Amino acid sequence: MKTISIAGSGIAGISCAYFLVTKGIAAAVYEKNPSVGKQYPMSFQAFENFTDPDGIEFIEHLRSYGIKADFYLKPVTELVIRSPDGKEHLLKSKKPVWHLIKRGNQDGSFDVSLMRQCLEKGVSFHFNTLLPPGNADVIAIGPTKVGGLAREWVFETEHEDVNYLVMDNSFAPNGYVFLFVAGGHATMTLATLGRFDLIDAFFKKTKDFFAGRFGIKITNEIERTHFANFFIPQTAMQGKALKVGEAAGFQDYMLGFGMKFAITSSLLAAQAIAHGENYDMLWKKELLPKLELSLCNRFIYESAGDFGFNFFTAASEQHDFREYMGLWHRQSLVKKALLPIAKFAKAGKI
Ligand SMILES: Cc1cc2nc3c(=O)[nH]c(=O)nc-3n(C[C@H](O)[C@H](O)[C@H](O)COP(=O)(O)OP(=O)(O)OC[C@H]3O[C@@H](n4cnc5c(N)ncnc54)[C@H](O)[C@@H]3O)c2cc1C
């Protein structure tokens, strides 16, 4: 079989190469930037552990695919959420609600680890090389429209570890902000789905809030702005090419936990290529229900507004947080009934 050309070395592109070579198919990854993970300055991101219907942690899924967890990985079982009424809620779970990982182009990042595991299996990487999607077998070029904005502030600090989230429309319209500090490394991220014109003001407000709340001394600070996009495609094929990850619109519309979607779509794309299966049928069976659920959850989230956030955070305190998040991410008849309305509401946006 010919070598499969993959445009993009984000998580979708690298994981697709990994799944292809493990199935005995040669893969070449083309990346327009000089390295993997170039857009992230060793920022914290998280593998969420609350949406799996069988309660299996995402890292266990990765291990079951043969991926070695030789990258930075920190389980989180406690965090504080600040609700719009200004109250702080300490939320706990017996098992990790998520695992923190690092994204970037240095050792310890998930990106570099995945690339190394691909290289060991013979994948070739071609950096500083833009591959037009029309010339690719797999299109993994990330989002192409701005549906949401995320701005990061990454720095070093001597402050003790912090896991802190703010759910409040006056900080991030229809979004959230968080500060994770672990081992002297910190990431503050503001993710918003509205009022992009005011992102500078929201970001300043958030920085001031955290600086005041924790009195953090900061060194080596870096700021980055990213965009994200979510849509449910009719097809994830572009001609004969298969689109994976955010290039196909595969994202978690509710909270932006897109890595799971990127990796799962890549696994399905590799399966389709290896066995001549219909990729659209595969992702529609596996991913479409999850995409629709995240669309419904977002509709509820946006409709509930600050009143809903106050209720949610107060109720979370009374439960095991991972289990409570799992409940919110479960399919139900009400959510199925809401889906057409959620789709209609989304149709007016990008
Ligand atoms: C600030 C932020 C925080 C996030 N936090 C989390 C989190 O905690 N948990 C989680 O699960 N998800 C998180 N996400 C989402 C997650 O990172 C993305 O959904 C996922 O990484 C998308 O991967 P991708 O490979 O599809 O796209 P991308 O990561 O965008 O990768 C696309 C790659 O393709 C390259 N490229 C583009 N065009 C070409 C071309 N023509 N030729 C060659 N190369 C090309 C780009 O340079 C890029 O490297 C976060 C996203 C952001 C922005």
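Everything numeric here is computed off the predicted structure, so don't read it as measured data.

1. A closer look at the environment of Leu-268
Argument step 1. The residue Leu-268 is located in helix α5 (residues 259-275) in this model.
Argument step 2. On the accessibility criterion, Leu-268 (8% relative accessible area) is buried.
Argument step 3. Sequence separation between Leu-268 and Leu-242 is 26 residues, and the spatial gap between their C-alpha atoms is 10.0 Å.
Argument step 4. Apart from residues lying up to four places away in sequence, Leu-268 is in contact with Tyr-279, Leu-282, Trp-283, Glu-286 and Leu-287.

2. Overview of the sheet that holds strand β5 (residues 78-82)
Argument step 1. With respect to topology, seven strands assemble into an open sheet ordered β6-β5-β11-β12-β13-β10-β14, the strand pairing being mixed. Where the open sheet ends on each side, the last strands, each with one partner, are β6 (88-92) and β14 (219-228). Mean inter-strand twist for the sheet, computed between neighbouring axes without regard to direction, equals 15°.
Argument step 2. Both strand β10 (residues 148-156) and β14 contribute to a ladder of eight bridges, which runs antiparallel. Bridged to Glu-152 within β14 is Arg-224.
Argument step 3. The strands that helix α4 (residues 199-214) touches are β5, β6, β10, β11 (162-166), β12 (176-182), β13 (185-192) and β14; relative to β13, the one it contacts most, it runs at about 140°.
Argument step 4. Strand contacts of helix α7 (residues 288-316): β5, β6 and β12, with the helix running at about 65° to β6, the strand carrying the most contacts.

3. So, the domain arrangement of the protein
Argument step 1. Splitting the protein by domain gives domain 1 (4-76 + 103-145 + 233-287), domain 2 (148-228) and domain 3 (290-347).
Argument step 2. Distance from the C-alpha centre of domain 1 to the C-alpha centre of domain 2: 26 Å.
Argument step 3. Tallying the contact residues gives 17 residues for domain 1 and 17 residues for domain 2.
Argument step 4. Summing the contributions of domain 1 and of domain 2, the shared interface buries around 1,400 Å²; its carbon and sulfur component is 60%.
Argument step 5. On the domain 1 side of the contact with domain 2, Pro-41, Phe-44 and Lys-74 bury the most area, a combined 41% of that side's loss.
Argument step 6. Run the count over domain 1 and domain 2 and you get one salt bridge.
Argument step 7. Close ionic contact of Lys-74 with Asp-161 constitutes a salt bridge, the shortest N to O distance being 3.2 Å.
Argument step 8. Across the domain 1-domain 2 interface, the total number found is seven residue pairs in polar contact (both at pLDDT 80 or more).
Argument step 9. Of the residues contributing to the side of domain 1 that touches domain 2, the split by class is nine nonpolar, four polar and four charged.

About the thresholds
- All residue numbers here refer to positions counted from 1 along the written sequence of the relevant chain.
- Local features are withheld for residues below a pLDDT of 70 in this predicted model, meaning they are given only at 70 or higher, and side-chain atom pairs are given and counted only at 80 or more; totals for whole chains, interfaces and linings count all residues.
- Here the side-chain values reflect all heavy atoms present in the structure, with hydrogen atoms and water set aside.
- Elements are defined by DSSP. Helices are runs of H or I of four residues or more, strands are runs of E of two residues or more, and each kind is numbered from the N terminus.
- In this scheme, a residue with accessible area under 20% of its type's maximum is buried, one over 50% is exposed, and one in between is partly exposed, where area comes from a 1.4 Å probe on protein chains only.
- Here a residue-residue contact requires only that any non-hydrogen atoms of the pair lie within 4.5 Å.
- Pairing between two strands requires that DSSP report at least two bridges joining them.
- Axis definition: a line fitted to C-alpha atoms, limited for helices to the stretch in contact. Angles are taken between N-to-C directions and run from 0 to 180 degrees.
- Note: domain ranges come from an automatic or database domain assignment.
- Put simply, buried area is how much 1.4 Å-probe accessible surface two parts lose in total, over both of them, once they are put together.
- For salt bridges, the criterion is a side-chain nitrogen of Lys or Arg within 4 Å of an Asp or Glu carboxyl oxygen.
- In the analysis that follows, any N or O atom pair within 3.5 Å is treated as a polar contact, provided that within protein one partner can donate a hydrogen and the other can accept it, and provided that, for residues neighboring in sequence, both atoms belong to side chains.
- Here the term charged refers only to Asp, Glu, Lys and Arg, the term nonpolar to Ala, Val, Leu, Ile, Met, Phe, Trp, Tyr, Cys and Pro, and the term polar to all other amino acids, Gly among them.

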